[in-house]
Amino acid sequence: MPGMQPSADEVIAQLRLLARPQVLSSMAQFGINPEGRLGLSVPEMRRIAKAAGKSHRLALALWRSGIPEARVVASLVDKPARVTPAQMDRWVRDFNSWDVCDQVCGNLFDKTPHAWAKAREWARRKEEYVKRAGFALMAYLASHDKRAPDSAFVRFFPSIRRGATDERNFVKKAVSWALRNIGKRNPRLGRLALAEARALRISTSRAARWIGSDAERELKNR
């Protein structure tokens, strides 16, 4: 019947039709985990998700497939109001590549009512991609939540200071991203974020110094 929502198997079949295994090696050069991947672009995944329509049930089924592109589509078709903290914790444990982590956080998780609490909670975790997800959420909330007060973002600064000593590349880049996005919200937060960046730049931690310099470079000219 026209207008019927596709099943997860049908969506995955569409994804497989567009598979480009020849691009996986170049994706790996950007730190993207090629395991189980089909090689689709983000615009292709977005088109498939838009055609499929919103469905919490479809999202859960697509996630269970384990295919990275299907998981990105799951984040695009899910309904934020239906997402529970338990689902967020299950999905975040499955992250094994920075791009899926960031897509899910920016397409779905930051729109849930649990995003603020999960950002602080995950930023304390030890697992690399769970921790990255915490800071990615902070970055996306700074970009997407136009109604949040400045005080909500100031409360992220202690998490940023703690996370700044993590030497892992995908974590420290996310910490800098969070700090920079908070600073770009408005002039007041810009001044506060710049002060945080400058304090990190003179830290004894090599990772913190890198984050401080990276953030300062972008914020000082705003």
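This is a predicted model, so every value here is computed, not measured.

### Let's talk about helix α7 (residues 98-107)
Burial analysis of α7 places nine of its 10 residues in the buried class, which makes it a mostly covered element. Asp99, Val100, Cys101, Asp102, Gln103, Val104, Cys105, Gly106 and Asn107 are the residues of α7 that are buried. In the core, the buried residues of α7 are packed alongside α3 (42-52), α4 (56-64), α5 (68-77), α6 (85-94), α9 (128-144) and α12 (169-183).

### Observations regarding helix α1 (residues 8-17)
Inspection of α1 places Ala8, Val11, Ile12 and Leu15 among the buried residues, and these make up the whole buried set. In a view along the axis of α1, the buried residues occupy a sector of 95°, so they form one face of it. Residues of α1 that are exposed and angled more than 90 degrees away from the buried face: Asp9 and Leu17. Those residues of α1 that are buried are in contact with α3, α4 and α5.

### Here's the deal with the packing of α12 against helix α13 (residues 187-201)
Closest axis-to-axis distance for the α12/α13 pair is 7 Å, and the angle between their directions is 150°. Put simply, α12 runs roughly antiparallel to α13. Of the residues in α13, those touching α12 at Leu179, Ile182 and Gly183 are Leu189, Gly190, Ala193, Glu196, Ala197 and Leu200. Tallied by class, the residues present in the contact of α12 with α13 amount to six nonpolar, two polar and one charged.

Parameters at a glance
- Residues numbered from 1 in each chain as written.
- Predicted model: local features only at pLDDT ≥ 70, side-chain atom pairs only at ≥ 80, totals over all residues.
- Heavy atoms only, no water.
- Buried < 20%, exposed > 50% of the residue type's maximum accessible area, 1.4 Å probe, protein only.
- Helix = DSSP H or I, 4+ residues; strand = E, 2+ residues; numbered from the N terminus.
- Contact = heavy atoms within 4.5 Å.
- Arc of directions from axis to C-beta.
- Axes fitted to C-alpha atoms, helices over the stretch in contact; angles between N-to-C directions.
- Parallel < 35°, antiparallel > 145°, perpendicular 65-115°, else oblique.
- Nonpolar A, V, L, I, M, F, W, Y, C, P; charged D, E, K, R; others polar.

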